[in-house]
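Each chain, letter by letter, is given below.
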Amino acid sequence: EVQLVESGGGLVQAGGSLRLSCATSGFTFGDYAIGWYRQAPGKARVGISCISAGDGKTYYANYLEGRFTISRDNAKNTVYLQMNSLKPEDTGVYYCAADPRPCTQTWSLTVWGQGTQVTVSS
């Protein structure tokens, strides 16, 4: 079956770092773009980063200010999100998602993970 499983979330103080992992199975990993999304309590889920299937080109929301890095390991069918210099406003549930459409196009066949909680304290 198709699965995306996030891990690595937790509680961290402002200024700290976390690395999230998204382990996938059940589909051809190399054919899918992978995105990271987050959802703060009471707010909509928003995309924050994406990595392309082919050339591995990366995309980021400007408000991340260069603090996050997305990467993928096709041999391990896994995507990572390295988060540095964390701020309280980074708090939320983080989801990974896979889609056969490119990062730059509208996604329509998206497979989602279950999410992992990230809490950044002041």
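Conventions used here
- Throughout this document, residue positions are counted from 1 along each chain, in the order its sequence is written.
- Under the rules for a predicted model, residues below a pLDDT of 70 receive no local features and side-chain atom pairs below 80 are neither given nor counted, while totals for whole chains, interfaces and linings still include all residues.
- Only hydrogens and water are removed before side-chain values are computed, so all heavy atoms of the structure are retained for them.
- Every case where a carboxyl oxygen of Asp or Glu lies within 4 Å of a side-chain nitrogen of Lys or Arg is listed as a salt bridge.
- Counting from the N terminus, the helices are the DSSP runs of H or I reaching at least four residues and the strands are the DSSP runs of E reaching at least two.
- Three exposure classes are used, based on accessible area relative to the maximum for each residue type with a 1.4 Å probe and protein chains only: buried under 20%, partly exposed in between, and exposed over 50%.
- Here, strands pair whenever DSSP counts at least two bridges between them.
- Angles here are taken between N-to-C directions and fall from 0 to 180 degrees, while the axes themselves are lines fitted to C-alpha atoms, restricted in helices to the stretch in contact.

Participant: I tried to follow the pattern of salt bridges on my own but got confused; where do I start?
Facilitator: Side-chain pairs of opposite charge can arise whenever the charged atoms involved come near each other. Under the defined criterion, the tally for this structure stands at three salt bridges. Between Asp-90 and Arg-38 there is a salt bridge, and its shortest N-O distance comes to 2.9 Å. Taken as a pair, Asp-90 in the loop between β8 (78-83) and β9 (92-99) and Arg-38 in strand β4 (residues 33-39) lie far apart in primary sequence, 52 residues in all. A salt bridge links Arg-67 to Asp-90, with the shortest nitrogen-to-oxygen separation between them at 2.8 Å. On the criterion of sequence distance, the pair formed by Arg-67 in the loop between β6 (58-60) and β7 (68-73) and Asp-90 in the loop between β8 and β9 is long-range, its members being 23 residues apart. The residues Arg-67 and Asp-90 share a single accessibility class, namely buried.

Participant: Before we go on, may I ask you to explain the sheet that holds strand β1 (residues 3-7) in this structure?
Facilitator: One key point about sheets: their strands pair by backbone hydrogen bonds, in either a parallel or an antiparallel sense. Pairing in this open sheet of four strands is antiparallel, and the strands run β1-β3-β8-β7 from one edge to the other. Every other strand in the sheet has two partners, leaving β1 and β7 as the edge strands with one partner each. Between one strand axis and the next, the sheet turns by 15 degrees as a mean value, whatever way the strands run. Of the strand pairs in this sheet, β1 and strand β3 (residues 18-25) are connected by five bridges, and their pairing is antiparallel. Residue pairing in the sheet places Val-5 in a bridge with Ala-23 of β3.

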